[in-house]
Amino acid sequence: MKIEHNDESILFSTTDIPDIFFTEYLPQAPGDYIKVFLYLTFISKYGKEIKFNDMSKKLALHINVIQEALKYWEESGVITKKTTGYILNNLKEIELHNLYRPKVALSAEDIEKNTKNQYRAKAVETINTSFFQGIMTPSWYSDIDLWFKKYLFDEEVMIALFNYCYKKSALHRNYLQTVADAWAKNGIKTYSDLELYSEKQGKLQKIKNTISKKLGLARPLTEYESAYIEKWTIEYNYPLDVIEIALKKTTSKTNPSFDYLNVIISGWHDRNLKSAEEVQNFLAEYKSQQKNIKELEKKSKYNNYEQRNYSNFDNLYANNQNYIDNDNKTTVNI
């Protein structure tokens, strides 16, 4: 007797993906590799064989990409290679085993990892109670774990990140990600790094406020204007007293622009002038040179002036004495 299984139509069937995949594996995996995993999960329900060429056409991926994806998931423990193909491992069982596997003896690496995880767990709990009133959703836990791995922040920096965005009333993922990227680009990993960075940012903001005030700006600086100031102070390493010399040169301008200031300050930087004293000396020397040039030009014009020749006084007198007297009318040619 043959018993047949009446398969459910593909129109109504579903493919289950455990949540642990989305929290532990998906964030770090490349997009094409995820595509391969999802398709493997789908076809595994039917126990059918599939060749690399068929999968390549089906997923619109090169065969090399598929092979790399299979190797990646095998190394991650998601699949296991067999003589006849691959088997998808139970991700729930893997996670359960990682959490509760018995330990006869702990290695130095495990002890260090457990200690670190305890500090990290306390940091995450602090974030939960301080900024989410103890009801932080599970997705935030995976995001925080991802940021720890991505940016290598220590626990105090991660708490400071949430505190900064909370005070800005911008406690949402996009803003947190933007701030975290900025901190990482500035080499922040420890709380000491963050303190040093905050000190520099505070000084920079004071310089921006001073420049705005001296220019009489009643509006916030634009992104491009702020970039100019950061260029002068960070890249050129100019203190405020150097920038103020350039600001004084705008007093004769009706609408001084940051482009005009940048030309002046960049010119000083190109001449390797580093202090206000060096800039003042350069300007004094330049002014003196300009004065000498004008005097030389004035003398040159005077020496090249073609004077009239009055050596022949007789001819001069004769030329200027043409008088025609007609009925008391006189014409004089001079």
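Here the structure is a predicted model, which is why all the values come from computation and not from measurement. (Residues numbered from 1 in each chain as written. Predicted model: local features only at pLDDT ≥ 70, side-chain atom pairs only at ≥ 80, totals over all residues. Heavy atoms only, no water.)

Let's shift gears to the overall build of the chain. Within the chain, the secondary structure is distributed over 15 helices and 4 strands. Looking at the chain as a whole, 27% of its 334 residues qualify as buried. Nonlocal contacts in the chain, meaning residues at least 24 apart in sequence, comprise 54% of its contacts between residues at least 6 apart. Surface accessibility of the chain: about 24,900 Å² in total, with carbon and sulfur atoms responsible for 51%. (Helix = DSSP H or I, 4+ residues; strand = E, 2+ residues; numbered from the N terminus. Buried < 20%, exposed > 50% of the residue type's maximum accessible area, 1.4 Å probe, protein only. Contact = heavy atoms within 4.5 Å. Areas by Shrake-Rupley, 256 points an atom, 1.4 Å probe, with all protein chains shown as cover.)

Ile127, Ile144, Phe153, Met158, Leu161, Phe162 and Trp183 are the most contacted members of the largest nonpolar core, which totals 24 residues. Listing elements by their share of this core, those giving two or more residues are helix H6 (108-131), helix H7 (138-151), helix H8 (155-167), helix H9 (173-185) and helix H10 (191-214). Ranked by residue count, the leading element in this core is H8, at 6 residues. Residues contacting isoleucine 127, with those up to four places away along its chain left out, are Phe132, Met136, Ile144, Met158, Ile159 and Phe162. (Core = buried A, V, L, I, M, F, W, Y, C linked by side-chain atoms within 4.5 Å.)

Here the chain averages 79 in pLDDT, and 79% of its residues register 70 or above. Taking the mean pLDDT of every element in the chain, the minimum, 41, falls on strand E4 (residues 329-332) and the maximum, 94, on H8. Ignoring residues within four places in sequence, the model shows residues 1-6, a span with pLDDT below 50, making 0 contacts including any to other chains. Across residues 312-334 the pLDDT falls below 50, and counting only partners more than four positions away or on other chains, this stretch makes 13 contacts in the model. (pLDDT = per-residue confidence, 0-100.)

Now for H7. A rise of 1.5 Å per residue sets the reference length of H7, with its 14 residues, at 20 Å; its end C-alpha atoms lie 20 Å apart and thus fit the reference within 8%. Buried residues of H7: Trp140, Ser142, Asp143, Ile144, Trp147, Phe148 and Tyr151, and no others. Looking one or two places after H7, you find leucine 152, whose phi comes out positive at around 60°. (Expected span 1.5 Å × (residues − 1).)

This brings us to the packing of aromatic side chains. According to the stated counting rule, one finds 22 aromatic pairs in the structure shown. With centroids separated by 5.2 Å and ring planes inclined at 45°, the aromatic side chains of tyrosine 33 and tyrosine 72 adopt a geometry described as tilted. Of the two residues, tyrosine 33 is situated in helix H2 (residues 31-44) and tyrosine 72 in helix H4 (residues 63-75); the sequence distance between them amounts to 39 residues. An aromatic cluster is defined as three or more aromatic residues linked by ring pairs; in this entry it consists of Phe21, Phe22, Tyr25, Tyr33, Phe37, Tyr72 and Trp73. (Phe/Tyr/Trp six-rings, centres within 6.5 Å; stacked < 30°, edge-to-face > 60°.)

Here the focus is the pairing of strand E1 (residues 79-82). Of the pairings in the sheet, the one linking E1 to strand E2 (residues 85-88) comprises 4 bridges and is antiparallel in character. Residue threonine 80 lies in a different strand from E2, and its bridge partner there is isoleucine 87. Joining the antiparallel neighbours E1 and E2 is a turn of 2 residues. (Pairing = 2+ DSSP bridges.)

Let's shift gears to the pattern of salt bridges. Under the defined criterion, the tally for this structure stands at 7 salt bridges. The salt bridge partner of arginine 120 is glutamate 155, with a shortest N-O separation of 3.9 Å. One end of the pair, arginine 120, is in helix H6; the other, glutamate 155, is in helix H8, and 35 residues separate them in sequence. As far as burial versus exposure is concerned, arginine 120 and glutamate 155 are alike and both buried. Across the pair aspartate 145 and lysine 149 runs a salt bridge whose closest N-O atoms are separated by 3.3 Å. In this pair, aspartate 145 and lysine 149 both sit in helix H7, 4 residues apart, roughly one turn of the helix. For lysine 149, a relative accessible area of 44% corresponds to the partly exposed category. (Salt bridge = Lys/Arg side-chain N within 4 Å of Asp/Glu carboxyl O.)

The next subject is unusual backbone geometry. Residue glutamine 133 is not a glycine yet carries a positive backbone phi of 55°. Of note, glutamine 133 is situated in the loop between H6 and H7. Within the chain, serine 169 stands out as a residue other than glycine whose phi angle is a positive 55°. Within the fold, serine 169 resides in the loop between H8 and H9.

All right, on to the packing of helix H12 (residues 240-248) against helix H13 (residues 258-270) then. The geometry of H12 relative to H13 is characterised by a closest axis approach of 10 Å and an angle of 135° between their N-to-C directions. Considering their axes alone, H12 and H13 lie oblique with respect to each other. Of the two elements, H12 crosses H13, and the hand of that crossing is right-handed. The residues of H13 that touch H12, namely those facing Val242, Ile243, Ile245, Ala246 and Leu247, are Leu261, Ile264, Ile265 and Trp268. Its residues assigned to classes, the contact of H12 with H13 comprises 9 nonpolar, no polar and no charged. (Axes fitted to C-alpha atoms, helices over the stretch in contact; angles between N-to-C directions. Parallel < 35°, antiparallel > 145°, perpendicular 65-115°, else oblique. Left-handed = near helix turned anticlockwise from the far one by under 90°. Nonpolar A, V, L, I, M, F, W, Y, C, P; charged D, E, K, R; others polar.)

Attention now goes to the environment of glutamate 244. Positionally, glutamate 244 belongs in helix H12. With relative accessibility at 23%, the residue glutamate 244 sits in the partly exposed group. Here the alpha-carbon distance between glutamate 244 and alanine 276, two residues 32 residues apart in the chain, equals 9.1 Å.

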